[in-house]
Number of protein chains: 2
Amino acid sequence: MIFYQLFEAESSTYTYLLADEASREAIVIDPVLETLERDLKLISELGLNLQWVVDTHVHADHITSAAQLRKRLGAKTCVSKNANISCADRFLSEGDTLSFGSCKLNVLTTPGHTDSCISLTCDGMIFTGDVLLIRGTGRTDFQQGSAEKMYHSITQKIFTLPDDTKIYPGHDYKGMSYSTVALEKKFNPRIGIEKSYEDFKKIMSELHLAQPKKIEIAVAANLLCGDKLN
Amino acid sequence: MIFYQLFEAESSTYTYLLADEASREAIVIDPVLETLERDLKLISELGLNLQWVVDTHVHADHITSAAQLRKRLGAKTCVSKNANISCADRFLSEGDTLSFGSCKLNVLTTPGHTDSCISLTCDGMIFTGDVLLIRGTGRTDFQQGSAEKMYHSITQKIFTLPDDTKIYPGHDYKGMSYSTVALEKKFNPRIGIEKSYEDFKKIMSELHLAQPKKIEIAVAANLLCGDKLN
C-alpha cells in the first residue's frame, strides 16, 4: 500500500494519503485547504485515482479541503452520520468500510473530542483524528466534547487493538509522527495505564485552553465540507 | 526495525531515529538542539540504547544535539572525515558502515551542498541530508557548495539506487515526509530527468537565497559537534 503522512504547519494538522498500489485507487484523511495544491500535485504525480475523502470530525482549527477535492477530482466526501451536516456524499457508522482497490479502512466511532469523531483502522494502523494524540488527547471543552465519552472511546476501543498498532493522530505539536497502542497505554500522561476515569476527568477539566483562532470560520466552513469559499 | 521520523519546526529539520527491535541498539541522524529533551524522552520510553549519532554535514541552519546526546547517553558522534572538525568520535568515508544490533547504515559520500555531505542507506531507504530534498535540492552557494559536485552526487550515486528506494531528506518546507528515487528522477524540477547539468547549474546560480538566520552561531557550534553551550 502507498502511504503518505503530510503536514500542514499553521494548524499542525496531519493529512494522510493511502492508496492501493496496483489499482491506484486512493483515499485522503483530513485534508487541509491551505495545502490543497500540494495534495493535488502529489496525487497527480503518483497517478492516483482519489475515491474518498474522509474528515474524522468537524474541525475547529482548520478548513477541510474535502469539497475542493470532490470538485477537482470527483472524490466522494465522507463524515460521521452523527456530524449533523448534509454536504457529504456518504455518512459513516461503526463497522462501515471504505474500499480503495484491494485495501479498506474500517470505521470506529470514537466520540469525546466531538460527538461525531471517528477513527479509521487499516492494516495495523489507526488514524485517531483528534481523539487520541501522541502522549495527549484532543480537548473536550467545546463542540459536544465529553471527557466521559473520550475515556470510553480510548480505553474501550483504541486500547483494545493489538499493542503494536501504529497510531497516526490528526495533529502533533512537537514533531512526533506516530505512536503505538502499547506506548500510549504506558506513557500517555492523561489516559495511560495509571490514570483512572476520575484522574482523566480532572485533567481535562483543568486544561483551560484558549479557543482555536479560526474556530468560527473553520466550523462554519466545515459544516459545508469546506465549500464556503466558492 | 524501529523507525521514527521527527520534525523540528523552527528550521524544518527532520531527525531520524532507527533501532534494532531485538537488541534495542539505536542510531540518530541529524538531531537538533531545540528538540533534545523530546528525543531523550522518546529514546528512554522506547528502552533504546543509543550507539551512534550522525550528522550528515556541518549544518548552517540549526545546532546539532550530537554532543549532548554523547554526554547524556554515551553515544558516539560521527561526521564525514571531510568535515575538517575534530570533535567527533568517528570520521566516516565512502563504504563505511554503522552497525546497531543486526541493522546497519551504509555511508555514501554525496558532496555538493557542502564538501562533507554524506548520505546513509539502510533497508530500501536513503537519508540524503541536504543534498537531495523532495522536489528540490540543498543550496550550493556557501560552505564549499558546488553545483557540479551535487549534480554528480545525485545523478551518479542517489539516482543509481533502485527506483523504489525511499528518500528521507534533512528538511522539508511543505510538509512532505518522503519521496522515492523514481519520483525525484521524474519530478524534481532542478535535477529530474529532463534537466542537464547546464540546466541545473543555471538554476542553482539563479536562486539568490538569503543567508540562513543562524548561520554564524550554528556553524561555529556545529564545528564543536554542538558542544558550544556547555
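The following refers to the structure shown. (Residues numbered from 1 in each chain as written. Chains lettered and ligands numbered in written order. Predicted model: local features only at pLDDT ≥ 70, side-chain atom pairs only at ≥ 80, totals over all residues. Heavy atoms only, no water.)

Along chain A, the regular secondary structure elements total six helices and 14 strands. The globule rule puts the C-alpha radius of gyration for 230 residues at 17 Å, and the 17 Å found for chain A is close to it. Over its C-alpha atoms, taken along the principal directions, chain A stretches across nearly 50 × 35 × 30 Å. Long-range pairs, those at least 24 residues apart, make up 61% of the contacts in chain A between residues at least 6 apart in sequence. On chain A, roughly 9,500 Å² of surface is accessible, and the fraction owed to carbon and sulfur atoms is 50%. Considering chain A, the positive charge centre built from 25 side chains and the negative charge centre built from 30 side chains are found 1 Å apart. (Helix = DSSP H or I, 4+ residues; strand = E, 2+ residues; numbered from the N terminus. Rg over C-alpha atoms; globule rule 2.2 N^0.38 Å. Contact = heavy atoms within 4.5 Å. Areas by Shrake-Rupley, 256 points an atom, 1.4 Å probe, with all protein chains shown as cover. Lys, Arg positive; Asp, Glu negative; His and termini not counted. Charge placed at Lys NZ, Arg CZ, Asp CG, Glu CD.)

Okay, the interface of chain A and chain B next. Where the parts come together, the accessible area they lose is often given as the size of the interface. Chain A puts 18 residues into the contact, and the matching count from chain B is 17 residues. Across the chain A to chain B interface the summed buried area is about 1,700 Å²; carbon plus sulfur atoms make up 56%. On the chain A side of the interface with chain B, the three residues burying the most area are Y4, E45 and Y178 of chain A, jointly 29% of the side's total. For the pair chain A and chain B, the interface holds two salt bridges. Two residues, R135 of chain A and E45 of chain B, come together in a salt bridge whose shortest N-O distance is 2.6 Å. Taken together, the connections running from chain A to chain B amount to 10 residue pairs in polar contact (both at pLDDT 80 or more). Of the residues forming the side of chain A that touches chain B, the biggest block, five residues, is contributed by strand β1 (residues 2–8) of chain A. Across the side of chain A that touches chain B, the residue classes break down as 10 nonpolar, three polar and five charged. (Buried area = accessible area lost by both parts, 1.4 Å probe. Salt bridge = Lys/Arg side-chain N within 4 Å of Asp/Glu carboxyl O. Polar contact = N/O pair within 3.5 Å; in protein donor to acceptor, adjacent residues only side chain to side chain. Nonpolar A, V, L, I, M, F, W, Y, C, P; charged D, E, K, R; others polar.)

Aligned on chain B, chain A shows an RMSD of 0.0 Å; the corresponding rotation is 180° and the shift along the axis is 0.0 Å. Considering both components of the superposition, the chain copies are consistent with a two-fold axis. Using C-alpha coordinates, one finds that chain A approaches the rotation axis most closely at A9 of chain A, a distance of 4.1 Å. (Least-squares fit on C-alpha atoms with pLDDT ≥ 70 in both.)

Take the state of the cysteines next. Residue and element names in this part refer to chain A. What the rule picks out here adds up to two disulfides over all chains. Put simply, C87 and C225 are joined by a disulfide, and their sulfur atoms are 2.0 Å apart. Between C87 and C225, the S-S torsion sits near 80°, and that sign places the bridge as right-handed. Of this pair, C87 sits in the loop between β5 (76–80) and β6 (90–92) while C225 sits in the segment after α6 (215–222), placing them 138 residues apart in sequence. The exposure classification of C87 matches that of C225, with both residues buried. With no disulfide of its own, C78 lies 9.5 Å from the sulfur of C225, the closest cysteine sulfur. (Disulfide = S-S within 2.5 Å. Buried < 20%, exposed > 50% of the residue type's maximum accessible area, 1.4 Å probe, protein only.)

By convention here, two paired aromatic rings are described through the distance between centres and the angle between planes. Applying the stated criterion to the full structure yields 25 aromatic pairs over all chains. Judged by centre distance (5.7 Å) and plane angle (25°), the ring pair of F127 of chain A and Y168 of chain A falls under stacked. With F127 of chain A in strand β10 (residues 125–129) and Y168 of chain A in strand β13 (residues 166–169), the pair connects residues that are 41 residues apart, well separated along the chain. Accessibility classification places F127 of chain A together with Y168 of chain A in one group, the buried group. A ring pair is formed by F3 of chain B and Y16 of chain B, whose centres lie 6.1 Å apart and whose planes are at 5°; its orientation type is stacked. Here F3 of chain B, found in strand β1 (residues 2–8), pairs with Y16 of chain B, found in strand β2 (residues 13–19); they are 13 residues apart in sequence, far enough to count as distant. The buried category is assigned to F3 of chain B, whose relative accessible area is 18%. (Phe/Tyr/Trp six-rings, centres within 6.5 Å; stacked < 30°, edge-to-face > 60°.)

Another point: the nonpolar core. The tendency in soluble globular proteins is for nonpolar side chains to be buried as a group. One finds L18 of chain A together with L18 of chain B to be the most contacted residues of the largest nonpolar core, which totals 88 residues. Residues contacting L18 of chain A, with those up to four places away along its chain left out, are M1, I2, F3, E25, A26, I27, I29, F100, L105, C122, M125 and F127 of chain A. Of all hydrophobic cores here, the second largest spans 17 residues; its members include L161, V181, F200 and M204 of chain A. (Core = buried A, V, L, I, M, F, W, Y, C linked by side-chain atoms within 4.5 Å.)

Attention shifts here to the sheet that holds strand β6 (residues 90–92) of chain B. Two modes of strand pairing occur in sheets, parallel and antiparallel, and in both the strands are linked by backbone hydrogen bonds. Residues and elements named next belong to chain B. In spatial order, the strands read β1-β2-β3-β4-β5-β6; together these six strands make up an open sheet with mixed pairing. Only two strands of the sheet have a single neighbouring strand rather than two, namely β1 and β6. Going across the sheet, the axis of each strand differs from the next one's by a mean of 20°, ignoring polarity. Strand direction decides the pairing type here: β1 and β2, joined by seven bridges, are antiparallel. Paired with I2 across the bridge in β2 is A19. (Pairing = 2+ DSSP bridges. Axes fitted to C-alpha atoms, helices over the stretch in contact; angles between N-to-C directions.)

To continue, consider the pattern of salt bridges. Across all of its chains, the model carries 28 salt bridges over all chains by this definition. Where E94 of chain A meets K157 of chain A, a salt bridge forms, and the shortest distance between an N and an O atom there is 2.8 Å. Taken together, the positions of E94 of chain A in the loop between β6 and β7 (97–100) and K157 of chain A in helix α3 (residues 147–157) put the pair 63 residues apart, joining distant regions of the chain. The salt bridge involving K202 of chain A is made with E206 of chain A; its shortest N-O contact spans 3.4 Å. Put simply, K41 and E45 of chain A together with R135 and E184 of chain B are held in one network by salt bridges that share partners.

Residue and element names in this part refer to chain B. Inspection of the secondary structure assignment puts F159 in the loop between α3 (147–157) and β13 (166–169). For F159, a relative accessible area of 10% puts it in the buried group. Residues F159 and G112 lie 47 residues apart in sequence; the distance between their C-alpha atoms is 15 Å. F159 has contacts with L132, I154, V181, E184, K185 and I191, leaving out every residue within four places of it along the chain.

On to the environment of I203 of chain A. Residues and elements named next belong to chain A. Mapping I203 onto the fold places it in helix α5 (residues 197–205). Separated by 31 residues in the primary sequence, I203 and D172 have C-alpha atoms spaced 19 Å apart. Ignoring any residue separated from it by four or fewer positions in sequence, one finds I203 in contact with P189, R190 and K195.

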